[in-house]
Amino acid sequence: MSKHDLKIVAEKLRTAASVAVLTGAGISAESGLATFRDPDGLWQQFRPEELANVNAFLSNPSLVQLWYQSRRRASVEAEPNPGHLALVQLQQRWNSFTLITQNVDGLHKRAGSTNVIELHGNILRNYCIDCRREATLSLDASEISRCLVCGGLIRPDVVWFGEQLPPAAISRAYDAASSADAFLSIGTSAVVFPAADLPIAAKRNGSFVVEINTEETAISSMVDVSLRGQAGAVLPALLRTLDEVTV
Ligand code: OAD
């Protein structure tokens, strides 16, 4: 990340009336939560087809529930990092600021962000696959969890492969992306659709699109500026630069 690029982004942000942000697992990496596709990512150690789809759950509910229990505990034990906190401060500078996340760890809301769209659900919520009632799961539950009302299996309220995103969430996300003057894509490999289409939709509608990532990604060639580095360092640096250009 160069000072020059930070300044270009800060100048664009300064004149933007509306801002939308898309985050992925990379923003929570500095809180100690594994990403999916990095060399030490979850999909290098586990097979999505055995854990993150409804057929896997129906054929081995206990394995899937245990895996989500361990991720749920990790999410609860993790703390928001300087990247999450910088987004809370950024939000305070715009009336129109939408934070769209693919993350299910709840860290943006715990950091204090509001107007958060959780595209892939939230790992802390659970529901019964039969009666659809929300269910509370103890973090230590190790037996197969069943609904106290109807006995159905309890699953995490996250979007699995092959499932639709919550329609209201994706519709709000598209509205925010396509009307944003500036769009930040942070810590996502941008390969999972429809989330990965949001920066493209923003660009198509004339938004200034910035990527913040440690590595090159699928959208690097189409963004206006790539700020390379850890989100927990780049976002606070962007805040400081924004202060410099607004004085
Ligand atoms: P990925 O694991 O695909 O990508 C994480 C991105 O974060 C990579 O591009 C890394 O280079 C980058 N990264 C890692 N550490 C970083 C840091 N400290 N600062 C900035 N960038 C960093 O995760 P997602 O793009 O979020 O879906 O994955 C999208 C979806 O795929 C997930 O929501 C999940 C998964 O399958 C479902 O479970 C439905």
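Residue positions are counted from 1 within each chain, in the order its sequence is given. A pLDDT threshold of at least 70 governs which residues receive local features in this predicted model, and a stricter bar of 80 or more applies before side-chain atom pairs are shown or counted, although totals over entire chains, interfaces and linings include all residues. Side-chain metrics in this entry use all non-hydrogen atoms of the structure; hydrogen atoms and water are not considered.

## Observations regarding the nonpolar core
Put simply, a nonpolar core is a bunch of buried Ala, Val, Leu, Ile, Met, Phe, Trp, Tyr and Cys residues held in one set by side-chain atoms that sit within 4.5 Å of each other. Relative accessibility thresholds used throughout: buried, under 20% of the residue-type maximum; exposed, over 50%; partly exposed, between the two (1.4 Å probe, protein chains only). If you look at the biggest cluster of nonpolar residues, it comprises 31 residues, and the most contacted ones within it are L87, L90, I186 and L235. Think of it this way: any DSSP run of H or I at least four residues long counts as a helix, any run of E at least two long counts as a strand, and we number them from the N terminus. Put simply, the parts of the chain that give this core at least two residues each are helix 1 (3-15), strand 1 (18-23), helix 7 (82-91), strand 2 (96-101), strand 7 (182-186), strand 8 (208-213), strand 9 (225-228) and helix 11 (231-246). Counting residues per element, this core draws most heavily on helix 11, at eight residues. Residue contacts for L90: discarding those within four places in its chain leaves F97, L184, L235, L239 and L242. Judged by nonpolar contacts, the second largest core, of 21 residues, contains A20, A169, I170 and A190. Working rule for contacts: check all heavy atoms of both residues, and any pair within 4.5 Å makes them a contact.

## Details of the sheet that holds strand 8
Two strands are counted as paired when DSSP detects at least two bridges linking them. Spatially, the six strands line up as an open sheet ordered 3-2-1-7-8-9, and their pairing is parallel. Each having just a single partner strand, strand 3 (116-118) and strand 9 make up the two edges of the open sheet. Averaged over all neighbouring strand pairs, the angle between strand axes comes to 15°, with direction disregarded. Contacting strand 1, strand 7, strand 8 and strand 9, helix 1 runs over the sheet at an angle of about 125° to strand 9. Every angle, taken between N-to-C directions, lies between 0 and 180 degrees, and every axis is a line fitted to C-alpha atoms, over only the stretch in contact when it is a helix. Along the sheet face, helix 9 (residues 167-179) touches strand 1, strand 2, strand 3 and strand 7 and points at about 130° away from the line of strand 3.

## Details of the site of the ligand
The nearness test applies per residue and asks whether one of its heavy atoms lies within 4 Å of the molecule or strand. As a matter of local geometry, the ligand sits amid 24 residues, with F36, R37, T188, S189 and N213 nearest to it. Contacts to the ligand include A25, whose backbone N or O atom sits 2.8 Å from an oxygen atom. A distance of 2.9 Å separates a nitrogen atom of the ligand from a polar backbone atom of A231. When the free accessible area of the ligand is taken as 800 Å², the share hidden by the protein chains comes to 93%. Of the residues in the shell around the ligand, the class split is eight nonpolar, 12 polar and four charged. In protein, a polar contact means a hydrogen-donor-capable atom and an acceptor-capable atom, both N or O and within 3.5 Å, with residues adjacent in sequence counting only if both atoms are side-chain atoms; elsewhere, any N or O pair within 3.5 Å suffices. Each accessible area is a Shrake-Rupley estimate made with a 1.4 Å probe; only the visible protein chains count as cover when residues are assessed. Lys, Arg, Asp and Glu make up the charged group, whereas Ala, Val, Leu, Ile, Met, Phe, Trp, Tyr, Cys and Pro make up the nonpolar group; the residues left over, Gly among them, are polar.

## Details of the side chain of H120
In this structure, H120 sits in the loop between strand 3 and strand 4 (121-128). Sequence-distant contacts of H120, that is, excluding residues within four places in its chain, are made with T101, Q102, V104, D157, V158, V159, L165 and V192.

## Describing helix 9
Multiplying 1.5 Å by the residue count of a helix minus one yields the expected span of that helix. Spanning 13 residues, helix 9 covers 18 Å between terminal C-alpha atoms, matching the ideal 18 Å at 1.5 Å per step. When we look at burial in helix 9, the residues that qualify are A169, I170, A173, A176 and A177. Along the axis of helix 9, the buried residues cluster in a sector spanning 125°; they form a single face. Across from the buried face of helix 9, at angles greater than 90 degrees, the exposed residues are P167, A168 and D175. Next to the buried residues of helix 9 lie strand 1, strand 2, strand 3, strand 7 and helix 10 (197-204). Taking the helix axis as origin, the arc is that swept by the directions to the C-beta atoms.

## Things to note about the environment of N81
Take N81: it is sitting in the loop between helix 6 (61-77) and helix 7. A relative accessible area of 3% means that N81 is categorised as buried. It is 25 Å that separates the C-alpha atoms of N81 and A169, two residues lying 88 residues apart in sequence. The contact partners of N81, leaving out residues within four places of it in the chain, are I27, S28, E30, S31 and G232. Within polar-contact distance, the side chain of N81 engages the backbone oxygen of I27 at 2.8 Å.

## Overview of the pairing of strand 9
On strand 9, burial follows the alternation: V225 and L227 on one face are buried, whereas S226 and R228 on the facing-out side are not. Relative to strand 9, strand 8 runs parallel, the two sharing four bridges. When the bridges of strand 9 are listed, V210 appears paired with V225.

## Remarks on the sheet that holds strand 4
Reading across the sheet, the three strands line up as 5-4-6 and stay open at both edges, with antiparallel pairing between neighbours. One side of each edge strand has no neighbouring strand; the edge strands of this open sheet are strand 5 (134-135) and strand 6 (154-158). With five bridges joining them, strand 4 and strand 6 adopt antiparallel strand pairing. Opposite N122, over in strand 6, you have D157 as the bridge partner. Across the sheet, helix 6 lies against strand 4 and strand 6, angled at about 135° from strand 4, the strand it touches most.

By themselves, these observations are geometric and do not establish any function.
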